[in-house]
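# Chain and residue survey
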Amino acid sequence: MGKIYFVRHGQTVWNVENKICGSTDSPLTEKGRQQAKETGMELKARIDAGEVHIDEILCSPLSRAHDTAVEIGKIVNLPVRVEPRLREQCFGKWEGLARDSHEFAMARLHFCDNYDGGESMMKMAQRIYNLLDELKQDTDKTYLLVAHNGIARITESYFHDMSNEDFAAYGIKNGQIIEYDF
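### A look at empty space enclosed by the protein
- Summed over all chains, the structure comprises one cavity of 30 Å³ or more.
- Size it by volume and the largest cavity reaches roughly 130 Å³.
- As for the largest cavity, its lining consists of 15 residues, and the residues nearest its centre are Glu-88, Phe-91, Arg-99, Asn-149 and Gly-150.
- It is helix 6 (residues 149-159) that provides the largest number of residues to the lining of the largest cavity, a total of three residues.
- Of the residues belonging to the lining of the largest cavity, the class tally is three nonpolar, six polar and six charged.

### Description of the pattern of salt bridges
- Within this structure, the stated rule accounts for 15 salt bridges.
- Of the charged contacts, one joins Lys-141 and Glu-56 as a salt bridge, the two residues approaching to 2.8 Å between their closest N and O atoms. Taken together, the residues Lys-141 in the loop between helix 5 (121-137) and strand 4 (143-147) and Glu-56 in strand 2 (residues 56-59) connect sequence positions 85 residues apart.
- A residue is classified by how much of its surface remains accessible, and Lys-141, at 30% relative accessible area, is partly exposed.
- Two residues, Asp-116 and Lys-93, come together in a salt bridge whose shortest N-O distance is 3.5 Å. Of the two residues, Asp-116 sits in the loop between helix 4 (102-107) and helix 5 while Lys-93 sits in the loop between strand 3 (80-82) and helix 4, which places them 23 residues apart along the sequence.
- A cluster of three or more residues bridged by salt bridges with shared partners is formed by Lys-3, Glu-42, Arg-46, Glu-51, Glu-179 and Asp-181.

### Here's the deal with helix 3 (residues 63-76)
- With 14 residues, helix 3 ought to run about 20 Å at 1.5 Å a step, and its terminal C-alpha atoms sit 19 Å apart, in line with that.
- Taken together, the buried positions of helix 3 are occupied by Arg-64, Ala-65, Thr-68, Ala-69, Glu-71, Ile-72, Gly-73 and Val-76.
- Taken together, the buried residues of helix 3 touch strand 1 (3-8), helix 2 (30-48), strand 2, strand 3 and strand 4.
- Once helix 3 ends, the next one or two residues include Asn-77, with phi positive near 55 degrees.

### Some points on the nonpolar core
- Ranked by size, the top nonpolar core spans 31 residues in total, and within it Ile-4, Phe-6, Leu-86, Leu-135 and Leu-145 carry the most contacts.
- Mapped onto this core, the elements with two or more residues apiece are strand 1, helix 4, helix 5, strand 4, helix 6 and strand 5 (177-181).
- When residues in this core are grouped by element, the largest group, seven residues, is from helix 5.
- The contacts of Leu-86, once residues within four sequence positions are left out, are Leu-58, Cys-59, Ser-60, Arg-127, Ile-128, Leu-131, Leu-145, Val-146, Ala-147, His-148 and Ile-151.
- Judged by nonpolar contacts, the second largest core, of 15 residues, contains Tyr-5, Ile-54, Ala-69 and Val-76.

### Side note on the layout of surface pockets
- Here the largest pocket is characterised by a volume of approximately 180 Å³.
- Taken together, Phe-111, Met-121, Met-122, Ala-125, Tyr-129, Ile-154, Ser-157, Met-162, Ser-163, Asn-164 and Phe-167 make up the lining of the largest pocket.
- Only helix 5, helix 6 and helix 7 (164-169) provide two or more residues apiece to the lining of the largest pocket.
- With four residues, the top contributor of residues to the lining of the largest pocket is helix 5.
- Of the residues that constitute the lining of the largest pocket, the class distribution is eight nonpolar, three polar and no charged.

What counts and what doesn't
Every chain's residues receive numbers from 1 upward, in the order its sequence appears when written. pLDDT decides what is reported in this predicted model: residues at 70 or higher carry local features, side-chain atom pairs at 80 or more are listed and counted, and totals for whole chains, interfaces and linings draw on all residues regardless. The side-chain quantities take in all heavy atoms of the structure and omit both hydrogens and water. Here the term cavity refers to a set of points on a 1 Å grid, laid over the protein atoms alone, in which a 1.4 Å probe fits but cannot get out; the term pocket refers to an open set having protein on both sides within 12 Å along at least five of seven lines, with lining residues being those that place an atom within 4 Å of a point. Grid points are joined across faces, edges and corners, and a volume is the space filled by probe spheres set on the points. Helix and strand assignments come from DSSP, with helices taken as H or I runs of at least 4 residues and strands as E runs of at least 2, each series counted from the N terminus. Residue classes follow a fixed rule: Ala, Val, Leu, Ile, Met, Phe, Trp, Tyr, Cys and Pro count as nonpolar, while Asp, Glu, Lys and Arg count as charged, and any other residue, Gly among them, counts as polar. Counted as salt bridges are all cases of a side-chain nitrogen of Lys or Arg within 4 Å of a carboxyl oxygen of Asp or Glu. Buried, partly exposed and exposed residues are distinguished by accessible area as a fraction of the type maximum, computed with a 1.4 Å probe on protein chains only: under 20%, between the cut-offs, and over 50%, respectively. One fewer than the residue count of a helix, multiplied by 1.5 Å, yields its expected span. In what follows, a contact means two residues having at least one pair of non-hydrogen atoms within 4.5 Å. What makes a nonpolar core is a set of buried Ala, Val, Leu, Ile, Met, Phe, Trp, Tyr and Cys residues whose side-chain atoms join them at distances within 4.5 Å.

So, in structure tokens, the structure goes:
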């Protein structure tokens with residue numbers, strides 16, 4: 001049975017400022033760079049102990065995920081490949097606005113909405129599900145995906161049934177490692 005690991009990028013400037021990042025390229029903070037190192041060291045310890053095996057790291061092209069993946073890759077001595085389908089959802093008119101607004105929380109429940117120039121949740125799910133279907137077929141490799149909270153939400157929904165409310169509320173912490181079995 002195949003397996004993947006998922007890591008959310010380290011903390012960004014816009015995470016600190018409580019802004020919706022989406023496909024806007026917000027850089028890592030110093031804390032975010034430290035989180036990437038800590039995640040890499042945790043994975044290395046688990047690899048050295050034989051608990052984890054990873055063949056390759058795939059990451060989003062956005063710098064916050066790419067920089068996190070490169071740092072992890074250096075520590076665990078694994079190649080990093082940019083996978084464009086791992087980019088975060090474009091939230092259109094919402095990018096740069098307050099992440100915790102009631103209006104944005106309600107908008108996220110509209111899975112077909114493209115947010116005036118963005119990307120719908122359904123289109124994002126299609127590209128992530130297609131990627132996961134491909135990785136599932138590659139039974140010879142175990143991948144670490146380094147991406148974003150929205151991608152984590154879609155990945156979780158691929159592996160587990162979720163209500164609309166659970167889906168909209170789901171999130172993982174910066175630098176958190178999640179393990180999935182196909």
